[in-house]
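Structure at a glance
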Amino acid sequence: MSSAKSGLTADKPPLAKAPTGIQGLDEVTGGGLPKGRPTLVCGGPGCGKTLLAIEFLVRGATEYDEPGVLMAFEETAEDLARNVRSLGFDLEDLVERNKLAIDYVHVERSEIEETGEYDLEGLFVRLGHAIDTIGARRVVLDTIEVLFGGLSNAGLLRSEIRRLFRWLKDKGVTAIITGERGQGTLSRHGLEEYVSDCVILLDHRVTEQVSTRRLRIVKYRGSTHGANEFPFLIDENGLSVVPITSAGMEHSVSNERVATGVAGLDEMLGGKGFFRGSSVLVSGAAGAGKTSIAAQFASAACERGERCLLFSFEESQNQLVRNLRSIGLDLERWIKKDLLRIHAVRPTHYGLEMHLAQIHRLVVAFRPQAVVVDPISNFISAGTQSDAGSMLVRLIDFLKSQAITGLFTNLTHSDANLEQTDVGISSIIDAWLLLRDIERDGERRGAVYVLKSRGMPHSKRVRGFRLTDHGIELTPEAFSTEAGRT
Amino acid sequence: MNDQAMNDQESQPNAADELWELRLYVAGQTAKSLAAFANLKTVCEEHLAGKYNIEVVDLLVNPQLARGDQIVAIPTLVRKLPEPMRKIIGDLSNTERVLVGLQLRPKKTSQA
């Protein structure tokens, strides 16, 4: 049976792909766009399709030695160059070095009279000339549907555009054709009917004043692709797609253990701490010491010479550094050595997907061995509860796939069930520490216990938890008067 | 200009004494291109005799010239002079529309 199966796959060689060079896009497409074929990128106004197309050309020219031609129907070369300068793309320089050719095609209906038969050979000549002049391997047509506004013979335009796509294929150039999303169709004039290999849909939604950009691969012939929507970012480095799905169960696991930074905690966790690459949840009420545990963990990672990325959603970097100094923790030295990076941002600043994209981008750039998110409960304020849950699952899967140990704090309300996480991620968490206050004899004492820790023997005891000026201290029992009980 | 053939009342005032500079863009000797040239010649002889100049640009020979006049469709006739620039696309088989396009005749549609 297996031989029959392999025989079947041998018949169909895998489709050759041209890497776009756009962060994340090549991962979600399994290597890039269909090589030597046109791809349709569509979406509403302002969805980022022109930017995606231009970055495809810029990356091609600068990273893959594939010069490109941009045929612009909507904006002049000057406008385009100005618009993408903020993304760090210097189109003029590429044009000067013959890595890029821009041809602005302008058709003004009011100055054109139509009489008798015609075709779009002029367009073919211009494109062909531009391709041949710089030896282009990539072509972008942005947005060819504008022609429908300039010329009246829609039937002829359709057949000519169809001929153009075939011609591009014969030329062997990898092309992106952009299209404006129509009513109930992917593009206004149904270009998706002519582009049979790959169709990508971009979307820009604003929900509760928070904007989110998403990308979906609608069609990719001869290639597996996720039907998921992937969030993407546009910032000063161009576009980046977050190639994260919740299907990542194939990551390798490590037997290596990493210290928690608190001697007593290591002891509770089989004497050695967390598994490397595992996900740890620390929950507790306000003021219970979650951030302190998180910071100890971060500091311990830096002490081992590892890099740690800390996302702080409640405190600024300065505030965090100052406050932790009070328990004898000097984070500043790690920041100075660039082993610790603190990224402080308000959770409501942007949507969940954007947070995920941000985290992804920073992780990819910094390559940390440990990531701390303090606290994840704040994500709920940036989206609905189910959104937050699925985002955290994706985040955890992503960190696991990179063998990064992740520690997340979670604020629980004192009256709520402590063992119930708000966002329902407990099932994908490997180790779960609970901090709580115990009241007895008119005194409040901190206590900590390990609710679960997969794959290792761990203490079931509730131990005392104290913040001192030289760090976190665990006492054998929450109340020393109870000594002797187990 | 010693031409006195312009007795046509309908001609635009700016057409009176000027030299008409026309450029016909083609891509190879196709049937459409040949038809366009023949049709254009007829119209010019009839309405602009002695004061027109036709330049044929074959884009297969000079592809770089397509950009300057924003040529997309083939054939395209460009009236360079008199200004403003006008473009007529197609094989120019409909003489009426060619005349309207060249502004040698006002658009019918405006009046009933």
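The following refers to the structure shown. (Residues numbered from 1 in each chain as written. Chains lettered and ligands numbered in written order. Predicted model: local features only at pLDDT ≥ 70, side-chain atom pairs only at ≥ 80, totals over all residues.)

For the rest of this paragraph, the subject is the overall build of chain B. In terms of regular secondary structure, chain B is built from 2 helices and 4 strands. Secondary structure elements in chain B, listed N-terminal to C-terminal, are β-α-β-β-β-α. With 112 residues in all, chain B has 35% of them scored as buried. Put simply, of all contacts in chain B between residues at least 6 apart along the chain, 68% involve residues at least 24 apart. (Helix = DSSP H or I, 4+ residues; strand = E, 2+ residues; numbered from the N terminus. Buried ≥ 20, exposed ≤ 12 C-beta atoms within 10 Å, placed from the backbone. Contact = placed C-beta atoms within 7 Å.)

Below, the discussion takes up the overall build of chain A. Per the secondary structure count, chain A includes 14 helices and 23 strands. Looking at chain A residue by residue over its 486 residues, the buried ones come to 47%. Taking all contacts inside chain A whose residues are at least 6 apart in sequence as the whole, residues at least 24 apart take part in 71%.

Moving on to the sheet that holds strand S20 (residues 431-440) of chain A. Residues and elements named next belong to chain A. Read from one edge to the other, the open sheet built from 9 strands follows the order S17-S16-S18-S19-S15-S20-S21-S22-S23, with strand pairing classed as mixed. Each edge of the open sheet is held by one strand with a lone partner, namely strand S17 (340-344) and strand S23 (471-475). Strand after strand, the sheet turns through a mean of 25° between neighbouring axes, direction not considered. One ladder, built from 5 bridges, connects strand S22 (residues 463-468) with S23; its direction is antiparallel. Considered in S23, the bridge of Leu467 is made with Ile472. Of the strands in this sheet, strand S15 (279-284), strand S16 (308-312), S17, strand S18 (370-374), strand S19 (405-411), S20, S22 and S23 touch helix H10 (residues 290-303), which is tilted by about 165° from S18. (Pairing = 2+ DSSP bridges. Axes fitted to C-alpha atoms, helices over the stretch in contact; angles between N-to-C directions.)

Turning our attention to the nonpolar core. Residue and element names in this part refer to chain A. Val140, Ala298, Cys308 and Val372 are the most contacted members of the largest nonpolar core, which has 162 residues in total. Split by domain, the residues of this core number at least three in each of domain 1 (2-241) and domain 2 (257-482). Excluding residues that lie within four positions of it along the chain, Val372 makes contacts with Ala294, Phe297, Ala298, Cys308, Leu310, Phe311 and Leu407. (Core = buried A, V, L, I, M, F, W, Y, C linked by C-beta atoms within 7 Å. Domains from an automatic or database assignment.)

Quick look at the sheet that holds strand S2 (residues 52-58) of chain B now. The pairing of strands in a sheet happens through backbone hydrogen bonds and is either parallel or antiparallel. Strand order in the open sheet formed by 5 strands is S6(A)-S4(B)-S3(B)-S1(B)-S2(B), with mixed pairing between adjacent strands. Each edge of the open sheet is held by one strand with a lone partner, namely strand S6 (112-114) of chain A together with S2 of chain B. Strand-to-strand twist in this sheet, taken as the mean axis angle between neighbours without regard to direction, amounts to 20°. As judged from the 7 bridges shared by strand S1 (residues 20-26) of chain B and S2(B), these two strands associate in the parallel manner. Considered in S2(B), the bridge of B:Val26 is made with B:Asp58.

For helix H6 (residues 121-134) of chain A, which comprises 14 residues, the first-to-last C-alpha distance of 20 Å matches the rise-based estimate of 20 Å (1.5 Å per residue) to within 8%. Along H6(A), the residues classified as buried are A:Glu121, A:Gly122, A:Leu123, A:Phe124, A:Val125, A:Arg126, A:Leu127, A:Ala130 and A:Ile131. The inward-facing, buried residues of H6(A) abut strand S4 (68-72), strand S5 (100-104), strand S7 (138-142) and helix H8 (154-171) of chain A together with S1 and strand S3 (76-81) of chain B. (Expected span 1.5 Å × (residues − 1).)

Residues and elements named next belong to chain A. Here Glu229 is to be found in strand S11 (residues 229-235). Given 16 C-beta atoms within a 10 Å radius, Glu229 is considered partly exposed. Each C-alpha atom, one on Glu229 and one on Ala403, is 24 Å from the other, the two residues being 174 residues apart in sequence.

Residue and element names in this part refer to chain A. Positionally, Val84 belongs in helix H4 (residues 77-85). Residues Val84 and Pro34, spaced 50 residues apart in sequence, show a C-alpha to C-alpha distance of 25 Å. When near neighbours in sequence (up to four residues on either side) are disregarded, Val84 contacts Leu51, Ile54, Phe89 and Leu91.

The next subject is the interface of chain B and chain A. Taken together, the contact pairs 29 residues of chain B with 22 residues of chain A. For the side of chain B that touches chain A, the secondary structure elements donating two or more residues are strand S4 (86-89) and helix H2 (95-101) of chain B. Counted by class, the side of chain B that touches chain A contains 16 nonpolar, 7 polar and 6 charged residues. (Nonpolar A, V, L, I, M, F, W, Y, C, P; charged D, E, K, R; others polar.)

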